[in-house]
Amino acid sequence: MYCRFSSIGRLATLLALGGVMLYAQDATTGAISGTVTGPNGALIPGARVILDGGRGQVVRVTDANGAFRASALIPGQYQITVTAPGFETAAKLTAIASINNLTPVRITMTRAAGAVVEVLATSQALDTTTQTSGSTFTSETISSLPLGRSFSSIVNLAAGVSSSGIDANNPSVGGSSGLENQYVIDGVNTTGAGYGANGSYSIVYGSLGTGINTDFISEVQIKSFGMDAEFGGATGGMVNAVTKTGDNTLHAQVFAYFDIDSLQAKDKVPPRIDPSLRIPLSFDSRNRYEIGFTVSGPVIKDRLFYFIGYNPIRSSIKRTQVDPDQPFYGRQVEQKTETDTYYGKLNWTITSSQSLEFSIFGDPGKLPFGPNLANSLYDAPDSWEEVEFGGRNWTLKYNGVFFSDFLVEARVSQANNKFRRKLGPTTQSHFQVLDVYTGFGYAPGPGYVDGTDDRNRQYDLKLTKIFGPLELKAGYFKEDIEHKGGNSYQGPAGFVDPHVEATGQPYSSGAQVRQRYYMLDPTLVDAAGHTPLSNIAPYFRIVRARTSPPLIPTSAPWEGYFVQAKYSWNNRLFLKAGFRWEQEDMKGLQQTYKFKAADAMAPRISITWDPEGDGRSKVYAFYGKYFEKVPLDLAVRSLSTEIGVSRSDFYNINSAYNVLSNPIENGVSIRDVRPDLASGYGVAGSTNSTHFIGSAGFLTPVLPGTKLPYTTEYVLGWDMRPYEGVSVSNRVIYRSVGRVLEDMGIDGGNNLPYYIANPGENSYLIGDLARAIDPTLGNSVTPTATWPKPKRDYWAYEFEVMKTAPHWTGFMNLRLSRLEGNYEGLFRNDNGQSDPNITSLYDFSLEYMKKYEDPANPDYHPRGLTGEEAFASGPLPNDRTVVANGGLTYQWDSGFSLTTLVKFQTGTPLNKLYGLIDYDNNGELAAGGRGSQGRTPNTLNFDLSAQYVWTMANKHQISARVDVFNLWNVHKPVTYDQDYEAAVDAPNANFMNVLTYQTARRIRLGVKYQF
């Protein structure tokens, strides 16, 4: 926070830090608070304090202690004027209200009435009433830096934030995985309901819709530690963005940004070590452009204000298939992205102490029909697709201050996110029909596409009451979350299966069909098992279709409440204690489970001390517990089942490949045959009389006593303002996973069921239940089932320094950390699993895994492992010893400015990964311990921004800028192929080869006109 002050003339008006008092603000507003004293230090009651942020005046009168407070302020700069009988008027003080923060001021008046003092210079104030909880970036800072255009690009500037392995929109915060954060814009929780990701998310494409652009943003706060009781639902960090607001002056801007291919360097292509791998696609060009505008101003002076903006974005990437051994050699295709971001806000100042705000924003987009996945270049256009994505959000908020010490905050909001993969009309007109033996596509296509559709209705109410040195705060919150997720099968919906055993319900989407063959005369077989080709006829088997909804509807009302008290001793020592309770009622299609609030009490306790009493330094300590809001992908996959068919045989299919006829009923015997056209005969197979099998899927029971996961945190910090314009922050952070939630099995679901449970707490029940089915527990080394307790320990020291001066500003933050354990979190970076709370980590018990390395076990399958690799503790994939960020901006009087941004990261652990025998997969077990193969190289990245602002008459401005990313075009390796096995017992020739390098140098041009 900043408090701006100085004095001129013969009067000595002094603004000093200190004299702070209790205050109240929410996640989208700020507060300014302070005291007014005379030259001898005597408190001045009855002084009139006027704060003007350009939207009318907020008037306060100091109380008997000379104190005033202004809560629920729209973030931004405020001019403060103070008058008192017998004293000079202190005018043009400047203070900045920042989201969820206090700006403390102390004003000393001089006894010489009749003069006006203009306060123009700048100083900075510490909020010594509470612990630090993260980093805040204003629109001025954001606009000066070379950053991406999405608000999520700002997050990576904060200490404690590093890449997670998902994408740039879902970083790791405080040692968490990338699916454990919460993203809030104007108070709306826009976090995806299905996976806990930023905006619209797909396990194939990542996050595509991520909110709004930086031109619409007023401030972004990254809470990475020390969060008060009113914040919850995330075990990582909270990203809180507030958009701009109109005022009494008409403002407008038009802007455009261009990424022109001819200015870009080429990405480095990894070497081709394994000759069986495809030659990488040729990258031909990348172009991106965006235009937009914002307009803001008054509807009614001092009462009603508006702000609107629109920003369409278009991008294009061209690639060529250059592998002569693969299909469509030489074909060039274009991959396009279209996004239309919009934003609107109305602010109504009902009175100087009551306000109403409504905002609406969204980022609908699409990938037009085409080869939107890289592998699509090897496929026929029948397999191409269109993708629709994006969010639509709105919020209505009321803030009211009554009797100067009672604050009411109420909000109702809704967040919508969708992600839909849509096949082209030709492909969608027919089922996928493939030859069961050759794979030839009679009616080709991808077979299915995935999708999600989220709606989150949100309600919250917060009340704050101040009793002298005591502040009490309480709140209730609720989110009615609905998530639809799943797969739609290729082809038109509506086919009704005519089999006798069928339900008579129409298919909710298409079907996957395999063309098989039978013998017209099953006895016409020679001694070698051959039959003439003339004795062979095709039949058709549906292997996948459903009558249940293509997108499975699930829901999870999530609600809770909190209470918090803060007490001040002499405005130097502040004690804060809060408690938060959360509960989540998960509802799948066939099964429900309620996580109870009684099992999810989250204490948040802090103590803050101002050792000198002057507001220039503070020492604080914090303890907290954060509970996870469980993403609904678990409800789709474990609490619901797909109802349909897994086998349905027919003699005929129409020429359009979308209607089957002449069903083969159960009990009819036919003999399968495999045509061998090259040899001129068919190879006789087995006789089959089962031609219809309904599919009801499998539910995963939730064990009794299963509770919400949580993480505990301890923080010790020291902040200070040693000099004018300099702020320094230090803290030591320790975070540890206290409880996790996972689907757990003994044999990977082969013969024994899965259960949803808390490993190390109630998971002992699984062995008792499984022994009733199989006393040997799948030939485990002992008839017991255990899973080591999950561990994720994060230690960090963080240091931040910021400097402001008349012509330049700079910041630097440093994190020294260690992250180790056996549990990564909701996203597994080692094998890329986006399966929150249902990863493969706990699919097998320790005793079952050990059987493969036991020579006495009948399932002995030695690979030189111990059987303990899955649960062995060591450095986790997101472990980085050092992460540092630095930025420096210099502004010349001519209007030219130059900014450099530097990011340094040490490497992450490299593993030798084996697959799971029962799954015949890869990327699961770290042989020789985690990090046995060393680490990826350290990376150092320099970005540069140069801007020129031409100021014309009447405050009109034209600005031009150039942003250069990866200035020196460095190509350090970023990721490696860590799979020692391509599949079980199948060596991976590409093991430890580079997969990706740093993105090559990119240049973006921008121009803006504003007034």
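The model shown is predicted, which means the values in this text are computed figures rather than measured ones. (Residues numbered from 1 in each chain as written. Predicted model: local features only at pLDDT ≥ 70, side-chain atom pairs only at ≥ 80, totals over all residues. Heavy atoms only, no water.)

## Describing the overall build of the protein chain
Each helix and strand counted, the protein chain has five helices and 63 strands in total. Its C-alpha atoms give the protein chain a radius of gyration of 32 Å, within 12% of the compact-globule value 30 Å for 1011 residues. Judged by the C-alpha coordinates and their principal axes, the protein chain covers about 120 × 60 × 55 Å. The buried share of the protein chain, taken over its 1011 residues, is 56%. If you sum the accessible surface of the protein chain, you get close to 38,400 Å²; carbon and sulfur atoms cover 57% of it. Here the protein chain contributes 90 positively and 98 negatively charged side chains, and the mean placements of these two sets differ by 7 Å. (Helix = DSSP H or I, 4+ residues; strand = E, 2+ residues; numbered from the N terminus. Rg over C-alpha atoms; globule rule 2.2 N^0.38 Å. Buried < 20%, exposed > 50% of the residue type's maximum accessible area, 1.4 Å probe, protein only. Areas by Shrake-Rupley, 256 points an atom, 1.4 Å probe, with all protein chains shown as cover. Lys, Arg positive; Asp, Glu negative; His and termini not counted. Charge placed at Lys NZ, Arg CZ, Asp CG, Glu CD.)

## Some details on the UniProt feature "domain: TonB-dependent transporter Oar-like beta-barrel" (unreviewed entry) in the protein chain
UniProt records the feature "domain: TonB-dependent transporter Oar-like beta-barrel" (unreviewed entry) at residues 242–322, using the numbering of this structure. Within the segment residues 242–322, helix and strand shares are 0% and 58% respectively, and the terminal C-alpha atoms sit 47 Å apart. (UniProt positions renumbered as here; feature names shortened; annotations may be inferred.)

## Re the pattern of salt bridges
Across all of its chains, the model carries 45 salt bridges by this definition. Close ionic contact of Arg-149 with Glu-290 constitutes a salt bridge, the shortest N to O distance being 3.1 Å. Placement of the pair is Arg-149 in the loop between α1 (139–144) and β13 (161–162) and Glu-290 in strand β22 (residues 282–300), with a sequence separation of 141 residues. Comparing Arg-149 with Glu-290, the two get one shared label, buried. Between Asp-261 and Lys-266 there is a salt bridge, with its nearest N and O atoms 3.9 Å apart. Note on Asp-261: relative accessible area 17%, which makes it buried. The network of salt bridges with common partners includes Arg-149, Asp-215, Arg-288, Glu-290 and Lys-1008. (Salt bridge = Lys/Arg side-chain N within 4 Å of Asp/Glu carboxyl O.)

## Let's talk about the packing of aromatic side chains
Under the counting rule described, the total for this entry stands at 34 aromatic pairs. Between Tyr-842 and Phe-871, the ring centres sit 5.5 Å apart and the planes meet at 40°, which makes this aromatic pair tilted. You can see Tyr-842 sitting in the loop between β51 (808–821) and α5 (846–850) and its partner Phe-871 sitting in the loop between α5 and β52 (874–875), a full 29 residues away along the chain. For the pair shown, Tyr-842 and Phe-871 are each scored as buried. (Phe/Tyr/Trp six-rings, centres within 6.5 Å; stacked < 30°, edge-to-face > 60°.)

## Details of unusual backbone geometry
One non-glycine residue, Asn-100, lies in positive phi territory at about 55°. Assignment of secondary structure puts Asn-100 in the loop between β8 (89–97) and β9 (102–108). By relative accessible area, which is 10% here, Asn-100 ends up buried. Notably, Asn-779 is not glycine yet its phi reads approximately 65°, a positive angle. As for its placement among the helices and strands, Asn-779 is situated in the loop between α4 (764–771) and β50 (792–804). The class of Asn-779 is partly exposed, set by a relative accessible area of 29%.

## Structural notes on the nonpolar core
Counting residues in each nonpolar core, the largest one holds 37 residues, and the members touching the most others are Leu-179, Ile-746, Ile-766, Trp-787, Tyr-823, Tyr-842 and Leu-925. Sorting the residues of this core by element identifies β49 (755–757), α4 and α5 as the ones contributing at least two each. Look past the residues within four positions of Ile-746 in its chain and what remains in contact with it is Leu-752, Ile-766, Gly-767, Ala-770, Leu-777, Ser-780, Ala-785, Trp-787, Asp-843, Phe-844, Ser-845 and Tyr-848. Counting residues in hydrophobic clusters, the runner-up holds 27 residues, among them Phe-151, Val-161, Tyr-183 and Val-188. (Core = buried A, V, L, I, M, F, W, Y, C linked by side-chain atoms within 4.5 Å. Contact = heavy atoms within 4.5 Å.)

## Remarks on the pairing of strand β44 (residues 681–688)
Bridge analysis of strand β34 (residues 530–532) against β44 gives three bridges, and the strand direction is antiparallel. Bridging from a neighbouring strand, His-530 pairs with Val-683 of β44. Note: strand β43 (residues 670–676) against β44, six bridges, orientation antiparallel. Its bridge partner being in β44, Ile-670 is matched across the sheet by Asn-688. Linking β43 back to β44 in an antiparallel pair, the connection comprises four residues, with Gly-680 at a positive phi of about 85°. (Pairing = 2+ DSSP bridges.)

## Remarks on the side chain of Glu-290
The class of Glu-290 is buried, set by a relative accessible area of 0%. A polar atom in the side chain of Glu-290 sits 2.8 Å from the side chain of Arg-288. The contacts of Glu-290, once residues within four sequence positions are left out, are Arg-149, Phe-255, Ala-256, Tyr-257, Asn-311, Pro-312 and Ile-313. (Polar contact = N/O pair within 3.5 Å; in protein donor to acceptor, adjacent residues only side chain to side chain.)

## Quick notes on the environment of Ala-946
Checked against the element boundaries, Ala-946 lands in strand β57 (residues 939–951). We classify Ala-946 as partly exposed; its relative accessible area is 21%. Put simply, Ala-946 and Thr-900 are 46 residues apart on the chain and 8.8 Å apart in space, counted from C-alpha to C-alpha. Other than its neighbours up to four places away in sequence, Ala-946 contacts Phe-896, Ser-897, Leu-898, Ala-960, Arg-961 and Val-962.

## Description of the confidence of the model for the protein chain
Residues at a pLDDT of 70 or more form 96% of the protein chain, whose mean pLDDT is 91. β52 holds the highest mean pLDDT among the elements of the protein chain, 98, whereas strand β2 (residues 14–15) holds the lowest, 30. Within the model, pLDDT remains below 50 along residues 117–124, and this stretch shows 46 contacts once partners closer than five positions in the same chain are excluded. (pLDDT = per-residue confidence, 0-100.)

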